[in-house]
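Commentary on secondary and tertiary structure
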Amino acid sequence: MSGRGGGGLLLADTPSLYFRSFYGVPRSVRAPDGMPVNAVRGLLDVLARQILEVRPGAVVACFDADWRPAFRVALLASYKAHRVAGGDAGVAGSGGVVEEVEEDLQRQLPVIDAVLDAFGIARVQAAGFEADDVIGTLATRFRGSGGVDVLTGDRDLFQLVDDAAGVRVRYAVERFAVVDEASVSARYDIPGRVYADFAVLRGDPSDGLPGVAGIGAKTASALLNRFGSLAAVRAAVVAAGPTGSVDGVSGAVFRRLVGAREYLAAAVGVVAVVRDVPIGPVAWALPAAAVDAAEVARLGARYGISSACGRLTAALAEVGAGVGAEAGGAAGGVTGGDVGGVVRGAAAGGAPG
């Protein structure tokens, strides 16, 4: 169960979820014409199950408008560099750089967009930013009851976990286990809200983040427990000078931190999720029924996903009817002060895929 009353905001890290579905659901799942639809079906089933579990009043499918934003690459050239495609096939990023994506998945991305639009589930992205940044912004803005649940398979979003604000992650890698501050502390032996600092120190090969040479998870957690934050670690190193020392830090670790000063300064801005992305008002209330049932039926038949569409339809009918009115009121809390049009269906900046 969700562990709280429901009626909150459910944010889907859609690229993370459809990539996991593509590699986790058998490719034998195909449309009548033979086109693979495993990512589509997997994503729809995840949404249906989690809507029933979380019982949110609002839901947003968040997307990458730029999978490798220029501002992050400018800080750290290695950021996601290993994912750059050698040819033209893939998803465009900053400066036209393309992410390597299998053709069988690329073909499914427009179908995902179309199905979400037919259901009336808001799709949101922001030019120059990743889905993580959209999620961070919407989670920060939300002021409704019920808190925020983030669906993702990406550990980077652990940095958003905040018990006081009611923000937690449902981690897809572990069957959507709930991750709160206590869970982060138990996993990594660090204060619950300093996961981004931990990731900078330890590194993350999946994002091309090297970390500080010679500093692994154990040393990273020890430093953060000793000083409380990476900013405090860096300040202590600067105050000591390149040939000095810091109480409680071995000489070898101190030298490694001194040698990584430039990396640490850059990586903080790469790892940190942006929480003030310019996004206009979002019509995010959970629909009690598909806004275009005929189109859902057509897409279901065309792509052989009628059963998955039916499961999502049933989940919306069960949950949306009960909390839709409350979610509509909560939506006003997030959009206060924003400028721009309502985002439902295709988001500003164009649809991914």
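Because the structure is predicted, anything quoted here is derived from the model rather than measured.

**Section: helix 2 (residues 38-54)**
Between the first and last C-alpha of helix 2 there are 24 Å, a value that for 17 residues agrees with the 24 Å anticipated at 1.5 Å per step. Where helix 2 ends, the next residue or the one after it, Arg55, has phi of about 55°, a positive value.

**Re the packing of aromatic side chains**
The geometry of an aromatic ring pair comes down to the distance between the two centres and the angle between the two planes. Applying the stated criterion across every chain, the model contains 10 aromatic pairs. Ring geometry for Tyr188 against Phe198: centres 5.1 Å apart, planes inclined by 40°, an arrangement best described as tilted. Of this pair, Tyr188 sits in helix 7 (residues 181-188) while Phe198 is found in helix 8 (residues 195-202), placing the two residues 10 residues apart along the sequence. With respect to burial, Tyr188 and Phe198 carry one shared label: buried. Here the aromatic cluster, defined as three or more aromatic residues joined through ring pairs, consists of Phe158, Tyr171, Tyr188, Tyr195 and Phe198. Directly above the aromatic system of Phe63 lies the positively charged group of Arg123, at a separation of 5.9 Å from the ring centroid. Directly above the ring of Phe227 sits Arg226, whose terminal nitrogen or CZ lies 4.6 Å from the centroid.

**Notes on the layout of surface pockets**
Once rolled over the atoms, a probe with the size of a water molecule shows which space is left empty. Of the pockets and cavities examined, the second largest pocket occupies roughly 230 Å³. Together, Leu17, Arg20, Ser21, Gly24, Val25, Arg41, Gly42, Asp45, Val46, Arg49, Ala172 and Phe176 line the second largest pocket. Put simply, the parts of the chain that give the lining of the second largest pocket at least two residues each are helix 1 (14-24) and helix 2. The biggest single contributor to the lining of the second largest pocket is helix 2, with 5 residues. When its residues are assigned to classes, the lining of the second largest pocket shows 5 nonpolar, 3 polar and 4 charged.

Procedures and definitions
- Residues numbered from 1 in each chain as written.
- Predicted model: local features only at pLDDT ≥ 70, side-chain atom pairs only at ≥ 80, totals over all residues.
- Heavy atoms only, no water.
- Helix = DSSP H or I, 4+ residues; strand = E, 2+ residues; numbered from the N terminus.
- Expected span 1.5 Å × (residues − 1).
- Phe/Tyr/Trp six-rings, centres within 6.5 Å; stacked < 30°, edge-to-face > 60°.
- Buried < 20%, exposed > 50% of the residue type's maximum accessible area, 1.4 Å probe, protein only.
- Lys NZ or Arg CZ within 6 Å of the ring centre and 35° of its normal.
- 1 Å grid on protein atoms, 1.4 Å probe; cavity = no way out; pocket = protein on both sides within 12 Å on 5 of 7 lines; lining within 4 Å.
- Points joined across faces, edges and corners; volume = space filled by probe spheres on them.
- Nonpolar A, V, L, I, M, F, W, Y, C, P; charged D, E, K, R; others polar.

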